[in-house]
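Spelled out, the chains give:
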Amino acid sequence: MDYKAFYADVVDWINQANQAAASYGMENQQFWAWVADSCGALAKKYQENRLVIKQMIMLVEWLEEVYESRKKGD
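Not measured: the values here are computed from a predicted model. (Residues numbered from 1 in each chain as written. Predicted model: local features only at pLDDT ≥ 70, side-chain atom pairs only at ≥ 80, totals over all residues. Heavy atoms only, no water.)

## Examining a nonpolar patch on the surface
A cluster of nonpolar side chains, Met 1, Tyr 3, Tyr 7 and Leu 51, forms an exposed patch at the surface whose accessible area comes to about 370 Å². With respect to the helices and strands, the residue Tyr 3 is situated in helix H1 (residues 3-24). Residue classification places Tyr 3 among the partly exposed residues on the basis of a relative accessible area of 47%. (Patch = residues over 30% accessible without salt bridge, like charges linked within 9 Å, V, L, I, M, F, W, Y side chains within 5 Å. Areas by Shrake-Rupley, 256 points an atom, 1.4 Å probe, with all protein chains shown as cover. Salt bridge = Lys/Arg side-chain N within 4 Å of Asp/Glu carboxyl O. Helix = DSSP H or I, 4+ residues; strand = E, 2+ residues; numbered from the N terminus. Buried < 20%, exposed > 50% of the residue type's maximum accessible area, 1.4 Å probe, protein only.)

## Quick look at the environment of Ala 20
Looking at the element boundaries, Ala 20 is found in helix H1. On a C-alpha basis, the gap between Ala 20 and Ala 41 in space is 16 Å, while along the polypeptide they are 21 residues apart. Setting aside its immediate chain neighbours within four residues, Ala 20 contacts Gly 25, Phe 31 and Trp 34. (Contact = heavy atoms within 4.5 Å.)

## Description of the pattern of salt bridges
On inspection of all chains with the given rule, the structure shows 1 salt bridge. Ionic pairing is found between Lys 45 and Asp 9, a salt bridge with its closest N-O pair at 2.8 Å. Remark: Asp 9 occurs in helix H1 and Lys 45 occurs in helix H2 (residues 29-45); sequence separation between them is 36 residues. Among the residues examined, Asp 9 registers a relative accessible area of 19% and is labelled buried.

The following block contains the structure:
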């Protein structure tokens, strides 16, 4: 696996996630659908590599933590 390419894709995904959160709002189902679909697409791109799956799970968990902390701040 080309780790350099994968982590460049991760950086791009994080930027896209920030844009999607700004566009949809993290409370919107469309945002979470985008997160799920884009994570799946990235995993598929890298043939379901375990590192890729674990990295994307970690990023989703991070987004969930951000969402929960914002909800508590309301």
